Amino acid sequence: MKRIHSLLIGVISIMILAASVSVSEAFRQQREAEKAFEDKFCLVFEGERIRPWEQEGTVYFFLPSHFTWENTSLEVLDGELQIDGGVVNSYDFVQYETDRTYDYSFTRKKKSYEGKLTFLQSANIGSIYIETESGSMDQVDRDKKHREQGQILVKDPRGGISYRGPFLSIKSRGNSTWETEKKSYSLKLPNPVDFFAMGEAGNWVLLSNVLDGNKLQNKLCFEMAEEFGLAYTPKGEWVDLYLNGRYWGNYLLCEKIEVGENRVEITDLEEETKQLNGRLQDLETYDTGTRKGGLASQKPEDISGGYLIEKDSYYDSVSGFVTEDGNLFSLKSPQYATREQIDYVAGYIQQIENRILA
């Protein structure tokens with residue numbers, strides 16, 4: 001039965017991937033067009049600015065699920081905006097229909113822009129507003145190691161505030177999605193927070209779903225795995241993401257796979273090794289070509305449990321090993337594994353590989 005379940009997940013994943021489209025180039029073009037309009041006018045709703053997005057002559061405002069026109073205004077920046085022939089005064093309350101196309105014109109310094117204007121609204125998903133200290137995501141999107149601090153506001157589909165306050169860092173993540181314009185992100189909070197009843201945690205992941213045209217693959221696979229009873233299956237909820245006032249698209253807010261309460265509840269070998277040796281980043285490291293890790297002088301007595309292992313093609317983590325058949329594995333926890341821990345878990349995985357290939 002387990003084989004049938006695995007086959008079913010694989011078949012559905014392939015079907016969804018086959019229906020996926022590459023949107024990277026379109027996303028890049030939309031971002032460039034959006035930047036051209038961000039200094040002209042924007043929507044102000046509940047103190048948050050929502051900037052327009054232009055594509056092929058039509059300007060779009062993407063509105064969150066909880067949006068209402070009550071106390072909403074259009075902020076016009078140094079120019080004149082007309083919608084269907086009527087002048088829009090900055091900060092006057094406005095109300096328009098969603099899914100309807102309006103004619104607009106914007107004039108500033110004898111230069112005019114005109115086209116179509118449409119307001120589109122999501123339904124039944126939460127929203128996340130992130131303001132970085134620099135006011136930009138350019139460096140984050142260029143350098144996977146770069147981190148930004150700032151403020152974050154998380155709202156449920158009805159507009160209830162799940163969290164408002166600072167965040168410690170946002171950074172790009174991923175491998176294949178890293179090559180696209182619409183990045184995935186890791187988010188670190190100063191204290192654990194429970195988002196959408198997924199359990200309290202300080203680390204969260206925003207998956208861009210950029211290679212999945214219908215946005216269903218990750219969510220569907222998570223829910224199927226949970227139904228099949230696979231332990232520690234991550235939960236995820238769709239959200240609208242706004243970065244520095246600009247709509248960034250539909251994302252899947254997910255639990256990060258990590259050792260800890262409400263996550264993968266196994267022995268934290270990283271913490272035990274840290275208590276014995278102090279700051280692990282200062283450890284001398286080793287790399288034999290097939291095994292690598294840290295050289296700790298003090299080791300936990302029991303190293304039989306508490307490992308998060310990832311099979312990948314990059315092998316760029318601090319600790320990892322290569323099997324006799326050439327399979328690459330990186331350790332996510334303990335990130336700074338001792339030589340003894342690497343030898344133990346590598347030997348364990350080698351036994352599994354030997355049985356599979358026998």
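The rules we used
- Residues numbered from 1 in each chain as written.
- Predicted model: local features only at pLDDT ≥ 70, side-chain atom pairs only at ≥ 80, totals over all residues.
- Heavy atoms only, no water.
- Helix = DSSP H or I, 4+ residues; strand = E, 2+ residues; numbered from the N terminus.
- Buried < 20%, exposed > 50% of the residue type's maximum accessible area, 1.4 Å probe, protein only.
- Contact = heavy atoms within 4.5 Å.
- Phe/Tyr/Trp six-rings, centres within 6.5 Å; stacked < 30°, edge-to-face > 60°.
- Lys NZ or Arg CZ within 6 Å of the ring centre and 35° of its normal.
- Pairing = 2+ DSSP bridges.
- Polar contact = N/O pair within 3.5 Å; in protein donor to acceptor, adjacent residues only side chain to side chain.

Colleague: Give a description of the side chain of histidine 66 that names residues and reports values.
Modeller: Here histidine 66 lies in the loop between strand S4 (58-63) and strand S5 (73-76). On the basis of relative accessible area, histidine 66 is assigned to the buried category, the value being 8%. Discounting residues that sit within four places of it in the chain, histidine 66 has contacts with Phe45, Glu46, Gln121, Ser127, Tyr129, Lys155, Asp156, Pro157, Arg158 and Gly159.

Colleague: Let's hear about the packing of aromatic side chains: which residues, and what values?
Modeller: A full pass over the atoms with the stated rule returns 23 aromatic pairs. Taken together, a centroid distance of 5.8 Å and an interplanar angle of 50° make the contact between phenylalanine 41 and phenylalanine 106 tilted. Note that phenylalanine 41 is positioned in strand S1 (residues 41-45) and phenylalanine 106 in strand S8 (residues 101-108), a separation of 65 residues in sequence. Where tryptophan 53 meets phenylalanine 62, the ring centres are 5.3 Å apart and the plane angle is 65°; that geometry is what we call edge-to-face. Pairwise contacts between aromatic rings join Phe41, Phe45, Phe61, Phe67, Trp69, Tyr96, Tyr102, Tyr104, Phe106, Tyr113 and Phe119 into one cluster. If you follow lysine 40 out to its NZ or CZ, it ends over the ring of tyrosine 113, 4.5 Å from the centre. For the cation-ring pair, arginine 339 lies above tyrosine 286, with the distance from its terminal atom to the ring centre recorded as 4.1 Å.

Colleague: Pulling in residues and values, what's your account of helix H4 (residues 217-227)?
Modeller: Of the residues making up H4, those classed as buried are Gln217, Lys219, Cys221, Phe222, Met224 and Ala225. Phi turns positive, to about 85°, at glycine 229, one or two residues after H4.

Colleague: Lay out the pairing of strand S6 (residues 80-83) with the relevant residues and their values.
Modeller: Here S6 shows one buried face, formed by Leu81 and Ile83, and one open face, formed by Glu80 and Gln82. Note: S6 against S8, 4 bridges, orientation antiparallel. Paired with glutamine 82 across the two strands is serine 105, which belongs to S8. Counting the residues in the hairpin turn of S6 and strand S7 (residues 86-88) gives 2 residues, including aspartate 84, whose phi is positive at 50°.

Colleague: Which residues make up the environment of lysine 299, and what values go with them?
Modeller: With respect to the helices, strands and loops of the structure, lysine 299 is situated in the loop between strand S18 (291-295) and strand S19 (308-311). Once the C-alpha coordinates of lysine 299 and arginine 339 are considered, the two residues, 40 residues apart in sequence, prove to be 9.5 Å apart. Excluding anything up to four places from it in sequence, lysine 299 contacts Leu276, Thr338 and Glu340. A distance of 3.4 Å separates a polar side-chain atom of lysine 299 from the backbone oxygen of alanine 296.

Colleague: Run through the environment of proline 192, naming residues and quoting values.
Modeller: Tracing the backbone shows proline 192 in strand S13 (residues 184-194). Placed 11 residues apart in sequence, proline 192 and asparagine 203 show a C-alpha to C-alpha distance of 7.8 Å. The residues touching proline 192, leaving out its near neighbours within four places in the chain, are Glu200, Ala201 and Gly202.

Colleague: How would you summarise the side chain of threonine 132 if you had to cite specific residues and measurements?
Modeller: For threonine 132, the position within the fold is in strand S10 (residues 126-132). Leaving out residues up to four positions away in the same chain, threonine 132 has contacts with Met137, Glu148, Gln149, Gly150, Ile170 and Asn244.

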